[in-house]
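Overview (structure and organization)
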Amino acid sequence: MLHRQRAILILLTAALLLGCNGEISPGAPEPGDSPDDVPSMEDILGPTNVTVTPVPDPNAPPGPARTIYMVYLRLGTVEVPTGMASGSERLWSYLDEEPVAMYSTVLGLNGFRVGLGRPEAWDDLQRELKRMAGRQFKAQSLQLFSGRPGSAVLKAGQGVQTIFTYFNDQTLSGADYPPGDNLLTVGVTLERGRPDHVILTALPQIRSTRKRSVINVTDGVPTVRNQPVLFGFDPLTFQLAIPKDWFLVIGPGIRSRRPTSVAHHFLTFERKGMEYETLLILHPTIFPIEYQATPAR
């Protein structure tokens, strides 16, 4: 019980110190943003303004402070006119798609492309985004702990969606999904032997607007909670290691132009009769958090 209380205290205190947010939504463009304004190096790859301080824990045993690790995930969203990202080999030439090669077939069939970028490649990528007339949305953040995934809302308040998904055996299956939010859910762990590498797992999901009642039993006491239903596109789950200071780009591939594809529903949108594509730029940073016994008074 003390161990459980200590874990809860650590997570809650860290959340208060860091402004922990288990879910983010793309923000509206900042006033004054120009159409060719894309994230700067500082927005995505630069130092964050996160301050991590030791967490006092009255239940911790005396002795040296212990450490847990938090992954601070920055996510930038850039929109470009349709066809500029999905049809640009030049854009993807600045990124390494080899780390997700084992997932590339099923991702590609469903309209996605995923690539890793070195920090030194950012200037070239930024110039290419400006050439595409890319527009910046707010860079936002998730604070993640191992075993505690978080979600980014890519498109909120969608109506009924008809989506056809390709599976690993290249069979195709379609379904109608209820109104809700289109999410990118991510989880993180640290790579054993290389603690500066983040292993990131990502999965597209739809979260229903309508909630259903679920019975949970804790210590023999049943409780009823209303919660949304999650629909995961499991064949599109991918995992890769991101070295320190590298960034990840998730964008639409050529098959995102298929109106019933998963990527079309998650990474494209329409504004005033014109279609746009969305590029997601993710950059994780690892922060150690120490917790130690509160000194006796």
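Bear in mind the structure is a predicted one, so any value in this text is a computation, not a measurement. (Residues numbered from 1 in each chain as written. Predicted model: local features only at pLDDT ≥ 70, side-chain atom pairs only at ≥ 80, totals over all residues. Heavy atoms only, no water.)

A few words on the overall build of the protein chain. Counting its secondary structure elements, the protein chain contains six helices and 16 strands. Counting all 297 residues of the protein chain, 44% fall into the buried class. Summing over all exposed atoms, the protein chain offers an accessible surface of approximately 15300 Å²; the carbon and sulfur share of this is 53%. (Helix = DSSP H or I, 4+ residues; strand = E, 2+ residues; numbered from the N terminus. Buried < 20%, exposed > 50% of the residue type's maximum accessible area, 1.4 Å probe, protein only. Areas by Shrake-Rupley, 256 points an atom, 1.4 Å probe, with all protein chains shown as cover.)

With that out of the way, let us pick up helix H4 (residues 101–109). Where H4 is concerned, the buried positions are Tyr 103, Val 106, Leu 107 and Leu 109. Considering only its buried residues, H4 is in contact with strand S4 (112–117), strand S8 (161–166) and strand S13 (238–242). (Contact = heavy atoms within 4.5 Å.)

In total, this model carries seven salt bridges according to the counting rule given. Its salt-bridge partner being Arg 271, residue Glu 79 comes within 2.8 Å of it at the nearest N-O pair. Here Glu 79, found in strand S3 (residues 66–81), pairs with Arg 271, found in strand S15 (residues 268–271); they are 192 residues apart in sequence, far enough to count as distant. Residue classification places Arg 271 among the partly exposed positions, given a relative accessible area of 35%. Residue Glu 97 is joined to Arg 113 by a salt bridge in which the shortest nitrogen-to-oxygen separation is 2.7 Å. Taken as a pair, Glu 97 in the loop between helix H3 (89–92) and H4 and Arg 113 in strand S4 lie far apart in primary sequence, 16 residues in all. Since its relative accessible area comes to 27%, Glu 97 is described here as partly exposed. Three or more residues are tied together by salt bridges with common partners; here these are Glu 89, Glu 97 and Arg 113. (Salt bridge = Lys/Arg side-chain N within 4 Å of Asp/Glu carboxyl O.)

A large share of S4 lies buried, amounting to six of its six residues. Both faces of S4 are covered, namely the face carrying Phe 112, Val 114 and Leu 116 and the face carrying Arg 113, Gly 115 and Gly 117. Relative to strand S14 (residues 247–252), S4 is paired through six bridges, and the arrangement is antiparallel. Its bridge partner lying in S14, Gly 115 is registered against Val 249. (Pairing = 2+ DSSP bridges.)

A separate point is unusual backbone geometry. Phi is positive for Asp 245, which is not a glycine, with a value near 75°. The topology assignment puts Asp 245 in the loop between S13 and S14. Of note, Lys 272 is a non-glycine position whose phi angle comes to about 55°, a positive value. Tracing the backbone through its elements, the reader meets Lys 272 in the loop between S15 and strand S16 (274–293).

Once that is clear, we can look at the nonpolar core. If you look at the biggest cluster of nonpolar residues, it comprises 36 residues, and the most contacted ones within it are Phe 112, Phe 238, Leu 248 and Ile 250. Residue contacts for Phe 238: discarding those within four places in its chain leaves Val 100, Tyr 103, Leu 107, Val 114, Leu 200, Thr 201, Ala 202, Leu 248 and Ile 250. Counting residues in hydrophobic clusters, the runner-up holds 14 residues, among them Ala 85, Trp 122, Leu 125 and Ile 281. (Core = buried A, V, L, I, M, F, W, Y, C linked by side-chain atoms within 4.5 Å.)

Taken as a whole, helix H5 (residues 122–131) has its buried residues at Trp 122, Leu 125, Gln 126, Glu 128 and Leu 129. Projected down its long axis, H5 carries its buried residues within an arc of 160°, all on one side. One or two positions beyond H5, positive phi appears at Ala 133, with a value near 65°. (Arc of directions from axis to C-beta.)

Following the sequence through the fold, Gln 239 ends up in strand S13. When the C-alpha atoms of Gln 239 and Val 188 are compared, they prove to be 9.4 Å apart, with 51 residues separating the residues in sequence. Non-local contacts of Gln 239, meaning those with residues more than four positions away in its chain, are made with Tyr 103, Ile 199, Leu 200 and Thr 201. A polar atom in the side chain of Gln 239 sits 2.8 Å from the side chain of Thr 201. (Polar contact = N/O pair within 3.5 Å; in protein donor to acceptor, adjacent residues only side chain to side chain.)

For the rest of this paragraph, the subject is the confidence of the model for the protein chain. Residue-level pLDDT values for the protein chain average 80, and 75% of them are 70 or greater. Within the protein chain, helix H1 (residues 2–18) has the poorest average pLDDT of any element, 44, and S8 the best, 97. Scored below 50 in pLDDT, residues 1–21 makes 31 contacts in the model with residues more than four places away or belonging to other chains. Contacts from residues 26–36, a stretch scored under 50 in pLDDT, to residues over four places away or in other chains number 20 contacts. (pLDDT = per-residue confidence, 0-100.)

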